[in-house]
Amino acid sequence: MKAVTVFCGARMGAREIYREAAQSLGKEIANRGLTLVYGGGHVGLMGAVAEAALQAGGQVIGVIPEFMVERELGYGACSTLEVVDSMHTRKARMAELTDGFIAMPGGFGTFDELFEILTWSQIGLHSKPIGLLNVNDYFVPLRAMVAHAVREGFVGERDAAKLLMANYSAALLDILQDEPSQAAGEWWKI
């Protein structure tokens, strides 16, 4: 793995622990010599993860749609800041640049990015690992929803297994870099 894409909020969230986790992830990515690929903004958790990676000497590629440059304050300090024409182009470009994906806490945009990348994996457009950084149990309800979808026959077990999760940056990166296929378990059967 040479690069990892992080999907996360353009807001900081209600608890300090989210900012701290974003900073920890950015630093861990840089310390491992990985390139951070992210949404290109300087606000919220996006800004925190990018700034931490840069401060730790890492390479950061931001990909942001032109109409969002002002709204999310495109982060000019990135090693590379790509301005693209649309959200669709942004997601496709981020997927091209990466070897794996991490979703941190975030809102609708983060959910959109996560589920689109899961769908692309489900239909065979990529086979890159996908992980959730479960800060403050943020993703427990989401995994419960996916488990419910499996039980109700709308999501296959093989596809649910693609959604990896850990509570800490180092642990999640270890899973994504080492043996993601062996780390999934059968969490949806709970």
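Rules used in this analysis
Residues numbered from 1 in each chain as written. Predicted model: local features only at pLDDT ≥ 70, side-chain atom pairs only at ≥ 80, totals over all residues. Heavy atoms only, no water. Helix = DSSP H or I, 4+ residues; strand = E, 2+ residues; numbered from the N terminus. Buried < 20%, exposed > 50% of the residue type's maximum accessible area, 1.4 Å probe, protein only. Contact = heavy atoms within 4.5 Å. Pairing = 2+ DSSP bridges. Axes fitted to C-alpha atoms, helices over the stretch in contact; angles between N-to-C directions. Phe/Tyr/Trp six-rings, centres within 6.5 Å; stacked < 30°, edge-to-face > 60°.

Caption draft 1: Geometry of the environment of leucine 125. Position of leucine 125 among the secondary structure elements: in the loop between α4 (108-122) and β6 (130-133). Judged by relative accessible area, leucine 125 falls into the exposed class, the value being 59%. In this structure the C-alpha to C-alpha distance between leucine 125 and aspartate 159, which are 34 residues apart in sequence, comes to 13 Å.

Caption draft 2: Spatial organisation of the environment of isoleucine 117. Here isoleucine 117 shows up in helix α4. Assessed through its relative accessible area of 2%, isoleucine 117 is described here as buried. For the pair isoleucine 117 and leucine 73, spaced 44 residues apart in sequence, the C-alpha separation works out to 25 Å. Isoleucine 117 has contacts with Phe7, Ala95, Phe101, His126 and Ile130, leaving out every residue within four places of it along the chain.

Caption draft 3: Looking closely at the sheet that holds strand β3 (residues 59-65). Spatially, β4-β3-β2-β1-β5-β6-β7 is the arrangement adopted by the seven strands of the open sheet, whose pairing is parallel. At either margin of the open sheet sits one strand with a lone partner, and together these are β4 (80-84) and β7 (163-166). On average, each strand axis in the sheet is tilted by 25° relative to the strand beside it, whichever way the strands run. Bridge analysis of β3 against β4 gives five bridges, and the strand direction is parallel. Paired with proline 65 across the bridge in β4 is valine 84. Helix α1 (residues 16-31) rests against β1 (3-7), β2 (35-38), β5 (101-103) and β6 of the sheet, and its axis sits at about 170° to β1. Along the sheet face, helix α3 (residues 87-97) touches β1, β2, β3, β4 and β5 and points at about 160° away from the line of β3.

Caption draft 4: Layout of the packing of aromatic side chains. On inspection of all chains with the given rule, the structure shows three aromatic pairs. Seen in terms of ring centroids, tyrosine 18 and tyrosine 138 are 6.1 Å apart; in terms of plane orientation they differ by 80°. Their pairing is edge-to-face. A residue pair is termed long-range when its members are at least 10 positions apart, and tyrosine 18 in helix α1 and tyrosine 138 in the loop between β6 and α5 (140-151) qualify at 120 residues. Of the residues examined, tyrosine 18 reaches a relative accessible area of 9% and is grouped as buried.

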